[in-house]
Amino acid sequence: MFKNVGESTFEEIILDKGFYLFHFQNESKEVQDFEREINSTFIQIHFCLRGNSKFLFNNGSYSFDVLDNRSILLYNPQRVLPIHLEIQPKTTLVSLLISIEKFHSLFSKESGYIPFLSDENSNKKYYDDTEIKPTVSIVLQQIINSNINSSIRDLYIKGKVYELLSLHFQPEESTEGEYCPFLVDEQNVLKIRKAKEIIISRMAEPPTLQELSKEIGLSLKKLKEGFKQIYGDTVYSFLFDYKMEHARRLLESNQFNVNEVGVKVGYSTSSHFIAAFKKKFGTTPKKYVMSLKS
């Protein structure tokens, strides 16, 4: 299991009894391994928002990929399917593990259109590989980018995961639901995702909003509104939080001093970087580094 290794992070949240969320973010240049023993009563749903991951079974003798913008569902009540993941560089993956008992309690009335809940399939293995719906992608981004006070963050994420499940298993004919036309237009969602990737890749010298809107092919108004709807924050507020988290990981790596980290995230003077870091984390970069050693 990896956790804050260089530029790779892993987060596990216990949502309820028999209900877990894993968030993998591999920003490093190395493949990261993750292993977890689980029993045969669990349904696994893996959402690859970016990049590529590989599942290994039987000591690597069998494998399959979870590709960019795809989701995989695995359920086999007849045998144990331990998680052994190879997470490729530049990959974001969100996984849900939910016991069949917990799942039944959520979807018992909907078993008619969820294949593995029907009586005839209850003891059969089930596998599904689908493209992530735009509405599901939005909720996934809201989960991993949640900038919520820590005391209520788990509650917020739990609510979002329930929303995620309802959208993922919603019949196709009614997927639009209450979502506005902008968000169910997959091309618009992809353009906003591209905008996020652009500002992250150029965090030291980000484009202006006007330049960004032109580059992705959306009006300035749609860029602002769409970004806020998908990521729950303005473009530059989102970028600020991302830069500070990136700076924190660089400091934890012990490969760069405070001035070097500041330059890498776009601050030409160390005083400006120190002030920004303190605004985000309530302490200076130097004190943060010292706290890691204590």
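Here, every reference points to the structure presented above.
Rules behind the numbers
- Residues numbered from 1 in each chain as written.
- Predicted model: local features only at pLDDT ≥ 70, side-chain atom pairs only at ≥ 80, totals over all residues.
- Heavy atoms only, no water.
- Helix = DSSP H or I, 4+ residues; strand = E, 2+ residues; numbered from the N terminus.
- Contact = heavy atoms within 4.5 Å.
- Areas by Shrake-Rupley, 256 points an atom, 1.4 Å probe, with all protein chains shown as cover.
- Pairing = 2+ DSSP bridges.
- Axes fitted to C-alpha atoms, helices over the stretch in contact; angles between N-to-C directions.
- Expected span 1.5 Å × (residues − 1).
- Buried < 20%, exposed > 50% of the residue type's maximum accessible area, 1.4 Å probe, protein only.
- Arc of directions from axis to C-beta.

1. Quick word on the overall build of the protein chain
So, step 1. The helix and strand inventory of the protein chain stands at 11 helices and 10 strands.
So, step 2. Taking the contacts inside the protein chain whose residues are at least 6 apart along the sequence as the reference set, 68% of them involve residues at least 24 apart.
So, step 3. Of the roughly 15,100 Å² of accessible surface on the protein chain, a fraction of 50% belongs to carbon and sulfur atoms.

2. A few points about the environment of Asn147
So, step 1. Relative to the elements of secondary structure, Asn147 occurs in the loop between α2 (134–144) and α3 (150–168).
So, step 2. Residue contacts for Asn147: discarding those within four places in its chain leaves Asp233, Asp241 and Lys280.

3. A word on the sheet that holds strand β6 (residues 62–67)
So, step 1. Strand order in the open sheet formed by four strands is β3-β8-β5-β6, with antiparallel pairing between adjacent strands. Looking at which strands have only one partner, the edges of the open sheet turn out to be β3 (32–36) and β6. This sheet shows a mean twist of 20° between the axes of neighbouring strands, independent of strand direction.
So, step 2. Examined bridge by bridge, strand β5 (residues 52–57) and strand β8 (residues 83–87) share three bridges and lie antiparallel to one another. Looking at the pairing, Lys54 lines up with Glu86 of β8.

4. Considerations on helix α10 (residues 270–281)
So, step 1. Compared with an ideal rise of 1.5 Å per residue, which puts 12 residues at 16 Å, α10 spans 16 Å between its outermost C-alpha atoms and is within 8% of the ideal.
So, step 2. Within the sequence span of α10, burial applies to Phe273, Ala276 and Phe277. Along α10, the residues classed as buried sweep out an arc of 100° about the axis, all on the same side.
So, step 3. For α10, the elements touching its buried residues are α8 (235–253), α9 (258–264) and α11 (285–293).

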